Each structure stands twice: as structure tokens, then as C-alpha cells.
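The primary structure of each chain is shown beneath.
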Amino acid sequence: MIFDILTIFPAMFSSPLEESIVGKARERGLIRVRVHNIRDWATDKHQMTDDRPFGGGEGMVMKPEPIVAALRALKDDGPPAKVILLSPQGRLFNQQIARDLSLLPRIALVCGRYEGVDERVAEHFTDDQISIGDYILTGGEIAAMVILDSVTRLLPGVLGNADSASAESFSEPVLEYPQYTRPQDFEGWSVPEILLSGNHDRIRRWRRAQALLRTSVRRPDLFSRLELSAEDLALLEAAGEEFGGGQSGREPDRES
Ligand code: 9D3
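Quick caveat, the model's predicted, so the values are computed rather than measured.

As for the environment of Tyr180
Move 1: With respect to the helices and strands, Tyr180 occurs in the loop between α6 (141-152) and β8 (185-186).
Move 2: Beyond its immediate stretch of four places on either side in the chain, Tyr180 contacts Val191, Pro192, Leu195 and Trp206.

The following block contains the structure:
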């Protein structure tokens with residue numbers, strides 16, 4: 001898969017592309033990432049990529065000409081690309097969008113800066129707009145890296161079998177249970193006894209209860225959509241009792 005990234009800060013991409021799984025995928029030729037400096041296509045003598053907004057107001061807007069010139073120059077440099085603008089106004093990125101993108105031969109990621117990109121670029125020169133969440137970034141570069149990272153790990157051959165991506169699409173939307181490794185005692189905090197018991201069925205049930213409990217507390221949005229089995233309900237019931245819950249949810253009042 002080919003990624004073309006258009007940015008005025010190409011250096012932001014150097015280390016993220018070299019390290020870890022994305023770095024390995026590049027070395028092995030599973031992905032190609034081409035980072036293009038939008039400024040190289042600026043036409044005026046100061047190589048300006050931004051200008052003041054028509055109608056007035058704060059900040060600067062990215063000019064259309066350099067971005068469009070860059071997109072045109074890249075157009076025939078490989079299979080047809082889906083052009084995606086990273087924008088706070090885009091549709092919210094999620095795992096399903098990552099899966100959809102992972103099926104394409106090529107995507108171009110256009111990173112905006114300043115107050116944004118001239119609307120005519122968004123309207124006439126891009127196929128999609130994506131936001132990575134409801135918080136404010138300084139530009140689209142980190143959002144582009146998020147997409148690159150999440151899509152790359154879905155490509156065939158990128159992950160080992162133990163951490164295979166295809167299994168994930170069938171897995172339940174539940175948070176993971178807590179994990180522990182050595183030492184057994186770390187600065188006075190010990191690993192839950194049950195994990196050392198060697199009783200694999202008790203461990204499985206404990207992990208399932210932990211996963212369900214933390215999903216219900218931390219992600220009620222996910223929890224409400226889970227289809228709980230009879231065993232799940234029993235595990236939650238038992239956990240409720242352990243926390244002094246029971247049917248009434250509280251201990252009876254005591255004298256004195
Ligand atoms: C006047 C309000 N502007 C500044 C607070 C709006 C604004 C303009 C440009 C807010 C952020 C940005 C730059 N952000 C992106 O280009 C961006 C982004 C993001 O900020 N959050 C989540 N996803 C994305 S994708 C691109």
C-alpha cells in the first residue's frame with residue numbers, strides 16, 4: 001500500500017516512519033510512504049502556503065494552489081489514490097474506517113495547518129475528510145500518523161500471527177482485563193493471587209469478570225451494547241456480592 005503525505009512539516013514524519021511496526025513494514029516493502037513538502041509547489045517568490053481569510057477574521061488559511069499543484073503532480077505516480085483531508089470537520093475516525101482504508105492500493109493524506117485549508121480544496125480535490133477526535137490539534141500531521149499507524153498494522157504480513165489483525169474484527173467491543181508480569185511483588189504491590197494459582201478456568205473467569213467490570217465503569221457506551229451470556233451475568237452478580245452489593249446494593253443500617 002502506498003501512502004502519500006502532503007504537509008508543510010515533512011520532518012515531523014521522520015522518526016514515526018523509522019521506528020517499530022511501521023518502520024519494519026516499510027523496510028519489508030509492505031508499505032511505501034512518500035512525504036511531500038507542500039511548500040515545494042508554492043508559486044510565489046516567498047513560497048507562501050497561507051494567506052489571510054476573505055471576509056476577515058483570525059489567523060491564516062492554506063492557499064489552494066500549492067496543495068492542488070502537489071496533488072496533480074502526484075496523480076499518476078502509482079495506482080489511483082483516495083485523497084483524504086485531515087480536518088476537524090471530517091467524519092470521526094474509527095477501526096471500521098481503518099479497515100476500509102486498509103483495502104485500498106493508495107491513499108493521499110493532506111495535512112492542514114493554521115485555521116484550515118481553503119474550502120475549494122476540500123470540496124473539489126479531496127474524496128473524504130477525517131477527524132481523529134473531538135479535541136484541538138495544531139494541524140493534520142499527527143492525525144495523518146494515527147491513520148498511517150492504524151491502517152499499516154491491518155495490512156497482510158505486518159503483524160505476527162499471535163497479534164493478528166483479522167481476529168480483531170470478530171472480537172467483542174469489551175475492554176481488556178488487567179495484565180501483570182514479573183516481579184510478583186513490585187514495591188509492595190503484588191500480583192492478584194488467582195493468576196498464580198495455575199487454575200486456568202478460575203483465571204479465565206476472573207479475567208472475564210474484570211473485563212466486564214471495567215467496561216461497565218469506564219465505557220458504559222460499550223457496555224450497554226454487549227450481549228452478556230448467562231455466565232457473564234453470574235460473574236457480574238458474584239462480583240457485586242464481593243463488593244458488598246447483593247440485591248439491595250447496600251448493607252442494611254446498623255444500630256449505634
Ligand atoms: C478558531 C478555531 N480553530 C482553532 C481552535 C479551529 C481549528 C483549526 C485548525 C482547530 C484545529 C485546527 C487544526 N486541526 C487539524 O488540522 C485536525 C484535527 C484536529 O484538530 N482534531 C482532530 N482531528 C483533526 S484532523 C486535522
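A few points about unusual backbone geometry
Move 1: Going from Arg182 to Pro183, the amide bond is cis rather than trans, its omega being 5°.
Move 2: Despite not being glycine, Gln47 has its phi angle at roughly 55°, a positive value.
Move 3: Inspection of the secondary structure puts Gln47 in the loop between β2 (32-37) and β3 (50-51).

Details of the sheet that holds strand β5 (residues 82-92)
Move 1: Taken in spatial order, the five strands make up an open sheet running β2-β1-β6-β5-β7, and their pairing is parallel. Every other strand in the sheet has two partners, leaving β2 and β7 (128-131) as the edge strands with one partner each. Across the sheet, the mean angle from the axis of one strand to that of its neighbour is 30°, orientation sign disregarded.
Move 2: Contacts from helix α3 (residues 64-74) reach β1 (2-7), β2, β5 and β6 (106-111) within the one sheet, and its direction differs from that of β1 by about 160°.
Move 3: With respect to the sheet, helix α4 (residues 95-102) is in contact with β5, β6 and β7, its orientation differing from that of β5 by roughly 175°.

Some remarks on α3
Move 1: Residues of α3 that are buried include every one of Pro66, Ile67, Val68, Ala70, Leu71 and Leu74, and no others.
Move 2: Of the surrounding secondary structure, the elements contacted by the buried residues of α3 are β1, β2, β4 (61-62), β5, β6 and α5 (119-125).

What about the domain arrangement of the chain?
Move 1: For the chain, the assigned domains read domain 1 (2-152) and domain 2 (172-250).
Move 2: One C-alpha centre belongs to domain 1, the other to domain 2; they are set 41 Å apart.

Focus on the pattern of salt bridges
Move 1: Per the counting criterion, the structure on display carries 14 salt bridges.
Move 2: A cluster of three or more residues bridged by salt bridges with shared partners is formed by Asp201, Arg204, Arg205 and Glu231.

Definitions and limits used
Counting from 1, residues in each chain are numbered in the order their sequence is written. Given that this is a predicted model, residues contribute local features only at a pLDDT of at least 70 and side-chain atom pairs are listed and counted only at 80 or more, while totals for whole chains, interfaces and linings are drawn from all residues. Working from all heavy atoms in the structure, the side-chain values ignore hydrogens and water. Helix numbers and strand numbers start at the N terminus; a helix is a DSSP run of H or I with at least 4 residues, a strand a run of E with at least 2. Whether two residues are in contact is decided by their heavy atoms: any pair within 4.5 Å suffices. Strand pairing is defined by DSSP finding a minimum of two bridges between the two strands. Between N-to-C directions, angles span 0 to 180 degrees; the directions come from axes that are lines fitted to C-alpha atoms, helices contributing only their stretch in contact. Partly exposed describes any residue whose relative accessible area lies between the buried limit of under 20% and the exposed limit of over 50%, with all areas from a 1.4 Å probe on protein chains only and scaled to the type maximum. By convention here, the domain bounds are inherited from an automatic or database domain assignment. Any carboxyl oxygen of Asp or Glu within 4 Å of a side-chain nitrogen of Lys or Arg constitutes a salt bridge here.

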